[in-house]
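Working through the structure, step by step
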Amino acid sequence: MKIIVLGAGAWGTAVAMSAAQHPAGHAVTLWARDAAQAAQMQTQRQNARYLPGITLPPSLTLAHGDFAALWTGADLVIVATPMAALRGMLQALHGCAAPVAWLCKGFEAATAGNSRSFGLLAHEVQALVAPELIAGVFSGPSFAQEVALGQPTALVAASPHAQVRDALVNAFHSPSVRVYANEDIVGVEVGGAVKNVLAIATGLCDGLALGLNARAALITRGLAEMTRLGLALGARPDTFMGLSGLGDLVLTATGDLSRNRRVGMLLAEGKTLPQAVESLGHVAEGVYSARTVAQRAAQLGVDMPITRAVVALLDGQLTPADAVVTLMGRGPASELI
């Protein structure tokens, strides 16, 4: 297969490395927006900024500049940018006949160009700006570092189009990566978006040393919030018990490599939000998507108290201790979703 990966961050690089080392011998090109970064990666054969010390496969080709010519004859195009850049990338892919899949997780925030359509999931953005594309999402519980090192990982290829699901399975299913196909793109994207917000809450819980009981309760009730929102958007309930729901939530909420979890822990230590974000050196999508998750939930009449508390914490309206009091002080309720 000829595979193009657009975006040389940690996850884009890891995915490109995984495909380049596939037993089928795929031809993989990793495109970097920054020419200097592409040159550095070509010379040093590593992504020193995002995945230092991990050697790029010799077969992986680096590129930069205009990427319109790259997808000629491609069998699969992967968009590996943050959610904020997805709209522009999809518009730039106008005319691409190959299956397209994105890696980003979250809801699109309002900008000057899309102020009337904030809070959209990735497939909703695609339907607005590039409806002609045959597209889907590649998601699931995965830290870029472990994928780049070839450690065992299971992922989900979600799309209403069998062509996209099959392309992702053929591109990545290997001895180290197991790929499951799923038609429920709504559920997979909701899981990927909400788990980042819940990971901030869990990091706060652990940073305040509230204990394992509290962590288990937070993850479980967070899964209930995620499911409520997904069902309101038309997702299947069983999706949230799978890799892109429970699996990704557990990984991101408890794994030490989780940037979103780290944000919560730093806030618990007394760091300001700008200090916490600056110390990461990478994007923590939950910081940017928390408010849009809460807004979309409010529009749909979906109750998401943990998400609301995270938003208030990030906005400086609640201290870490006050956020805990707010959640624990809620009245009795049925456990049923």
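Scroll up a little and you will see the structure.
Residues numbered from 1 in each chain as written. Predicted model: local features only at pLDDT ≥ 70, side-chain atom pairs only at ≥ 80, totals over all residues. Heavy atoms only, no water.

**Quick word on the overall build of the protein chain**
Secondary structure summary: the protein chain contains 14 helices and ten strands in total. Buried residues in the protein chain amount to 55% of all 337 residues. Sequence separation of 24 or more characterises 69% of the internal contacts of the protein chain that already satisfy a separation of 6 or more. As displayed, the protein chain has an accessible area near 14100 Å², and 56% of this comes from carbon and sulfur atoms. With 22 positive and 23 negative side-chain charges, the protein chain shows a separation of 2 Å between the mean positions of the two kinds. (Helix = DSSP H or I, 4+ residues; strand = E, 2+ residues; numbered from the N terminus. Buried < 20%, exposed > 50% of the residue type's maximum accessible area, 1.4 Å probe, protein only. Contact = heavy atoms within 4.5 Å. Areas by Shrake-Rupley, 256 points an atom, 1.4 Å probe, with all protein chains shown as cover. Lys, Arg positive; Asp, Glu negative; His and termini not counted. Charge placed at Lys NZ, Arg CZ, Asp CG, Glu CD.)

**Brief notes about the side chain of S142**
Here S142 lies in the loop between strand 8 (135–139) and helix 5 (144–148). Looking at S142, the relative accessible area reads 15%, which means it is buried. Dropping the residues within four chain positions of it, S142 is found in contact with W11, V147, T153, L155, D248 and L251.

**Concerning the pattern of salt bridges**
Under the defined criterion, the tally for this structure stands at twelve salt bridges. D248 is paired through a salt bridge with K195; the nearest N and O atoms lie 3.6 Å apart. A residue pair is termed long-range when its members are at least 10 positions apart, and D248 in helix 9 (residues 243–254) and K195 in helix 7 (residues 185–207) qualify at 53 residues. For the residue pair D248 and K195, the accessibility class agrees, reading buried in each case. E269 is paired through a salt bridge with R262; the nearest N and O atoms lie 4.0 Å apart. Looking at E269, the relative accessible area reads 48%, which means it is partly exposed. Accessibility expressed as a relative area gives 35% for R262, which makes it partly exposed. Each member of the salt-bridge network shares a partner with another, and the members are K105, K195 and D248. (Salt bridge = Lys/Arg side-chain N within 4 Å of Asp/Glu carboxyl O.)

**Topic: the sheet that holds strand 6 (residues 76–79)**
Sheet architecture is open: eight strands sit in the order 5-2-1-6-7-8-9-10, paired in mixed fashion. Since the sheet does not close on itself, it has two edges, and those belong to strand 5 (61–64) and strand 10 (177–182), each with one partner. Across this sheet, the average inter-strand angle for adjacent strands is 25°, counted without regard to direction. In the sheet, strand 8 pairs with strand 9 (residues 153–158) via three bridges, with the strands oriented antiparallel. Looking across to strand 9, one finds that S139 is bridged to V156. (Pairing = 2+ DSSP bridges. Axes fitted to C-alpha atoms, helices over the stretch in contact; angles between N-to-C directions.)

**Some words on the environment of A148**
For A148, the location among the structural elements is in helix 5. A relative accessible area of 6% means that A148 is categorised as buried. Distance from A148 to V15, taken between C-alpha atoms, is 7.3 Å for residues 133 residues apart in sequence.

**A few points about the nonpolar core**
Core analysis: the largest hydrophobic core is formed by 71 residues, its most contacted members being V77, L93, V100, W102, V190 and L229. At twelve residues, the largest contribution of residues to this core is made by helix 7. Beyond its immediate stretch of four places on either side in the chain, L93 contacts L6, F67, W71, V77, V79, V100 and L133. V5, L30, L51 and L76 belong to the second largest nonpolar core, which has 39 residues in total. (Core = buried A, V, L, I, M, F, W, Y, C linked by side-chain atoms within 4.5 Å.)

**Observations regarding the pairing of strand 4 (residues 51–55)**
Sheet topology note: the strand 3 (residues 46–47)/strand 4 ladder contains two bridges and is antiparallel. Bridging from a neighbouring strand, N47 pairs with L51 of strand 4. Counted between consecutive antiparallel strands, the loop separating strand 3 from strand 4 contains three residues.

**Side note on the state of the cysteines**
Under the counting rule described, the total for this entry stands at zero disulfides. Of all cysteine sulfurs in the structure, the one in C104 sits closest to C96, which takes part in no disulfide; the separation is 16 Å. According to the relative accessible area criterion, C96 is buried, its value standing at 5%. Residue classification places C104 among the buried positions, given a relative accessible area of 8%. (Disulfide = S-S within 2.5 Å.)

**Quick word on the environment of A130**
Along the chain, A130 turns up in the loop between helix 4 (122–129) and strand 8. When the C-alpha positions of A130 and R87 are compared, they lie 8.7 Å apart, and in sequence the two are 43 residues distant.

**Structural notes on unusual backbone geometry**
The phi angle at R45 is positive, at roughly 55°, despite the residue not being glycine. Overall, the relative accessible area of 17% leaves R45 in the buried class. Residue A209 is not a glycine yet carries a positive backbone phi of 55°. Residue placement: A209 occurs in the loop between helix 7 and helix 8 (212–232). By relative accessible area, A209 is classed as exposed at 66%.

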